[in-house]
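Analysis of the macromolecular model
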Amino acid sequence: MTGPVEPGLVRRRVYLLRHGDVAYFDADGRPVNPRNVRLTERGVAEARAVADLLNGEAIDRAVTSGLPRTRETAELALAGRAIAIEDEAELAEIRGGRFADVVPERALDAIAHAYDGAATGGAWFGHGERFADFESRVLGAVRRLVADPGWRRLLLVGHDAVNRAILCWAAGTGLGAMAAFEQDYGGLSIFDVDADEATGTVRRTYLRAVNLTPLDPAKRERWQTSMEPVYRRYVEARRKGHL
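To keep things clear, this report deals only with the structure shown in the data block. (Residues numbered from 1 in each chain as written. Predicted model: local features only at pLDDT ≥ 70, side-chain atom pairs only at ≥ 80, totals over all residues. Heavy atoms only, no water.)

Topic: helix 5 (residues 160-171)
Over its 12 residues, helix 5 runs 16 Å from end to end, which matches the ideal 16 Å to within 8%, given 1.5 Å per residue. Buried residues dominate helix 5, accounting for 11 of its 12 residues. For helix 5, every residue scored as buried is listed here: Asp160, Ala161, Val162, Asn163, Arg164, Ala165, Ile166, Leu167, Cys168, Trp169 and Ala170. Tucked into the core, helix 5 has its buried residues touching strand 1 (9-18), helix 4 (131-147), strand 4 (153-158), strand 5 (188-196) and strand 6 (202-212). One or two positions beyond helix 5, positive phi appears at Gly172, with a value near 75 degrees. (Helix = DSSP H or I, 4+ residues; strand = E, 2+ residues; numbered from the N terminus. Expected span 1.5 Å × (residues − 1). Buried < 20%, exposed > 50% of the residue type's maximum accessible area, 1.4 Å probe, protein only. Contact = heavy atoms within 4.5 Å.)

Here is the structure:
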């Protein structure tokens, strides 16, 4: 394996995957608890397409947030491999408030454009978690993983906001670029990390690919952002009196 030219460094590769498609509203348009949602048939197909893409890659560690949708995605993406999937609770999705608490007049910005102000001091996601607190917990987990010398190729299965925050870190942009790093269901990003062999301290990061979707590589079906369908379902739920 070709590594970094600088002595004392080790290069590790992270395959950063968003879980496959899920439904955050039931058939009647009512919001459901996101902690319990499972992959849809399309989500299963997306995860299997990632498995095909990564076939032959010597992945030696796998970590998820532990929520069902990330565990299912990891299991499908790693089908046939003898890898114990680990859970890291600090990689759970950003905590939002209740849809019922969203002021209708502000819903477009609060939901569809939720990431636009992520870098603003004191900004929070809806009525939930503050972006600065969210970034701190996610990157804390990422830094611990990177500092661990026991792997070379890591599959990390996370969530929309989680993966955006990690990509902002890898690109060195801070959360100001969070809205730009679109994360489709089943979207795969790849980046390398050069770390000090002795301490695990990160020296450099290199983005290799961002938001690849093996099931739809030309993005023919990907015209909406990740939050626009959520906003449309919110509007429909309010119209039906579910909120």
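A few points about the packing of aromatic side chains
Applying the stated criterion across every chain yields a total of six aromatic pairs. With 5.9 Å between their ring centres and 15 degrees between their planes, Tyr115 and Phe125 make a pair best called stacked. In this pair, Tyr115 sits in the loop between helix 3 (107-112) and helix 4 while Phe125 sits in the loop between helix 3 and helix 4, placing the two residues 10 residues apart along the sequence. The same class applies to Tyr115 as to Phe125, namely buried. Chaining the aromatic ring pairs together yields one cluster made of Phe25, Phe99, Tyr231 and Tyr234. Against the face of Trp151 rests Arg12, its NZ or CZ located 5.5 Å from the ring centre. (Phe/Tyr/Trp six-rings, centres within 6.5 Å; stacked < 30°, edge-to-face > 60°. Lys NZ or Arg CZ within 6 Å of the ring centre and 35° of its normal.)

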